[in-house]
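Coordinates in review
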Amino acid sequence: MLGYILKRLLALVITLFLIISICFFVIRIIPGAVAGEGALPEIRVALEKRYHLDLPLWDQYMVFLRNFVTFDFGESISLYARTPVFNVISGKIPLTLQLNLFSLLFTIPVGMILGIISVLKKNSALDHTISLLVIFFISVPSFIFGAVLQYVFAFKLQLFPILLNLESRWSFKTFWSMILPILALSFYGIATIARYLRAELFEALNSEYMLLSKAKGLSQAQSTARHAIRNSFIPLCNVIVPMFTNLLGGSLVVENIFGIPGLGSLIPRSITVADYYLTIATLFFYTIIGLISMLLVDLSYSLVDPRIRMGGGKVRE
């Protein structure tokens with residue numbers, strides 16, 4: 001198990017290096033002026049010299065790698081002039097993490113409950129209703145939900161604030177103002193979990209070990225809770241663990257709709273004004289979250305089902 005984890009960590013580092021390197025070259029070839037279109041030539045020259053942008057592209061890459069391995073992400077060039085990129089991102093991470101963690105805490109139990117109800121009430125009116133909602137939630141992007149929820153419940157009905165309340169990050173007002181973006185991010189995940197769990201649980205309920213458990217005297221509810229649901233979790237790990245990364249991707253647009261000053265607004269704004277270091281650092285955050293999620297998916301298999309052994313080890317009889 002330890003050897004397998006070390007191999008995966010090595011693969012994670014190599015993958016991270018390749019992704020960040022590709023991002024560096026792609027971002028640097030995007031047209032854009034560092035000091036803005038109307039800046040004086042001497043100001044542009046001074047900025048390019050300060051941030052090594054006057055060097056050839058390969059030399060810039062070497063400087064970037066030398067700083068990157070020491071976790072020196074540089075300074076923001078234009079959006080937050082001369083502010084260390086790490087300070088900019090660390091100040092915006094809490095809001096983004098709050099939004100996505102709240103979405104996960106709402107998405108997972110609701111999706112599981114709907115999936116279990118759907119399979120237990122198979123072919124009933126309730127099952128058909130849940131299936132229609134699943135199709136609808138999967139088909140509509142999160143930013144469409146965000147815009148509709150904002151228009152109906154915030155603008156028309158005035159039940160929620162239109163934009164995020166930033167009086168206090170931990171107040172009830174702030175949480176109340178985050179409910180609409182949380183819902184907008186949760187619908188797709190709820191539908192995905194419900195669909196997968198319904199399919200896996202239906203197959204598990206008709207398997208031979210369920211018949212055996214009933215023959216031993218277990219009730220339908222006991223057999224479902226002890227055996228069917230647990231075995232259904234194994235393929236469901238492929239959905240639940242990477243869902244955090246998917247929510248981060250969806251929050252890129254949802255944060256802008258609800259005026260949430262998190263990481264979601266950094267990438268488009270930094271690309272627009274050619275703030276290269278800020279763009280790369282933000283992409284690094286999203287990349288490392290995605291790679292860690294993939295590692296957790298593999299490790300979660302052995303936690304859900306002890307019969308699974310990682311790294312090609314033999315299963316003891």
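See the structure above.
None of these values were measured; they are calculated from a predicted model.

This part is about helix 5 (residues 125-139). For helix 5, which comprises 15 residues, the first-to-last C-alpha distance of 21 Å matches the rise-based estimate of 21 Å (1.5 Å per residue) to within 8%. Within helix 5 the residues assigned to the buried category are Asp127, Ile130, Val134 and Phe137. For helix 5, the angular spread of the buried residues around the axis is 95°, confining them to a single face. Of the exposed residues in helix 5, the ones pointing more than 90 degrees away from its buried face are Ala125, Leu132, Ile135 and Ser139. Those residues of helix 5 hidden inside the fold are in contact with helix 4 (85-120), helix 6 (142-156) and helix 7 (172-205).

Looking now at the packing of aromatic side chains. Inspection of the entire model under this criterion finds 18 aromatic pairs. Ring plane angle 80° and centroid distance 5.7 Å describe the contact between Phe136 and Phe145, whose orientation is recorded as edge-to-face. With a relative accessible area of 9%, Phe145 lands in the buried category. Between Phe145 and Phe187, the ring centres sit 4.9 Å apart and the planes meet at 65°, which makes this aromatic pair edge-to-face. In this pair, Phe145 sits in helix 6 while Phe187 sits in helix 7, placing the two residues 42 residues apart along the sequence. Ring pairing ties together the aromatic residues Phe24, Phe25, Trp58, Tyr61, Phe64, Phe68, Phe73 and Phe284, which thus form one cluster. The positively charged end of Arg28 is found above the aromatic ring belonging to Tyr276, 4.4 Å away from the centroid.

Side chains of Leu10, Ile14, Phe17 and Leu18 sit close together on the surface and give an oily, nonpolar patch of about 390 Å² of accessible area. Relative to the helices and strands, Ile14 is located in helix 1 (residues 2-28).

Nonpolar side chains in soluble globular proteins tend to end up buried together. Ranked by internal contacts, the top residues of the largest apolar core, which has 72 residues, are Ile20, Phe64, Val85, Ile89, Ile193, Leu263 and Phe285. No other element matches helix 7, which puts 13 residues into this core. Excluding residues that lie within four positions of it along the chain, Phe64 makes contacts with Ile20, Phe24 and Ile280.

Although it is not a glycine, Asn123 sits at a positive phi angle of roughly 65°. Relative to the elements of secondary structure, Asn123 occurs in the loop between helix 4 and helix 5. A positive phi angle, close to 55°, is found at Gln158, a residue other than glycine. Looking at the secondary structure, you find Gln158 in the loop between helix 6 and helix 7.

Packed helices, taken two at a time, are described by the angle their axes make and the gap between the axes. At their nearest, the axes of helix 4 and helix 10 (residues 243-257) sit 10 Å apart, and the two run at 125° to each other. When the interaxial angle is binned, helix 4 and helix 10 end up oblique. Helix-helix and strand crossings are classified by hand; for helix 4 and helix 10 the assignment is right-handed. Contacts between helix 4 and helix 10 involve Thr96, Leu97, Leu99, Asn100, Leu101, Ser103, Leu104 and Thr107 from the former and Met243, Phe244, Leu247, Leu248, Ser251 and Glu255 from the latter. Class assignment for the residues of the contact of helix 4 with helix 10 results in eight nonpolar, five polar and one charged.

Next up on the list: the pattern of salt bridges. This structure, assessed with the given rule, holds two salt bridges. Arg50 is paired through a salt bridge with Glu75; the nearest N and O atoms lie 2.9 Å apart. In this pair, Arg50 is assigned in helix 2 (residues 41-50) and Glu75 in the loop between helix 3 (57-68) and helix 4, connecting sequence segments 25 residues apart. The class for Arg50 is partly exposed, based on a relative accessible area of 38%. Between Arg198 and Asp127 there is a salt bridge, with its nearest N and O atoms 3.0 Å apart. One end of the pair, Arg198, is in helix 7; the other, Asp127, is in helix 5, with 71 residues separating them in the sequence. Taking the relative accessible area as the measure of exposure, Arg198 reaches 21% and is therefore partly exposed. Asp127 sits in the buried class, given a relative accessible area of 1%.

How each quantity is defined
- Residues numbered from 1 in each chain as written.
- Predicted model: local features only at pLDDT ≥ 70, side-chain atom pairs only at ≥ 80, totals over all residues.
- Heavy atoms only, no water.
- Helix = DSSP H or I, 4+ residues; strand = E, 2+ residues; numbered from the N terminus.
- Expected span 1.5 Å × (residues − 1).
- Buried < 20%, exposed > 50% of the residue type's maximum accessible area, 1.4 Å probe, protein only.
- Arc of directions from axis to C-beta.
- Contact = heavy atoms within 4.5 Å.
- Phe/Tyr/Trp six-rings, centres within 6.5 Å; stacked < 30°, edge-to-face > 60°.
- Lys NZ or Arg CZ within 6 Å of the ring centre and 35° of its normal.
- Patch = residues over 30% accessible without salt bridge, like charges linked within 9 Å, V, L, I, M, F, W, Y side chains within 5 Å.
- Areas by Shrake-Rupley, 256 points an atom, 1.4 Å probe, with all protein chains shown as cover.
- Salt bridge = Lys/Arg side-chain N within 4 Å of Asp/Glu carboxyl O.
- Core = buried A, V, L, I, M, F, W, Y, C linked by side-chain atoms within 4.5 Å.
- Axes fitted to C-alpha atoms, helices over the stretch in contact; angles between N-to-C directions.
- Parallel < 35°, antiparallel > 145°, perpendicular 65-115°, else oblique.
- Left-handed = near helix turned anticlockwise from the far one by under 90°.
- Nonpolar A, V, L, I, M, F, W, Y, C, P; charged D, E, K, R; others polar.

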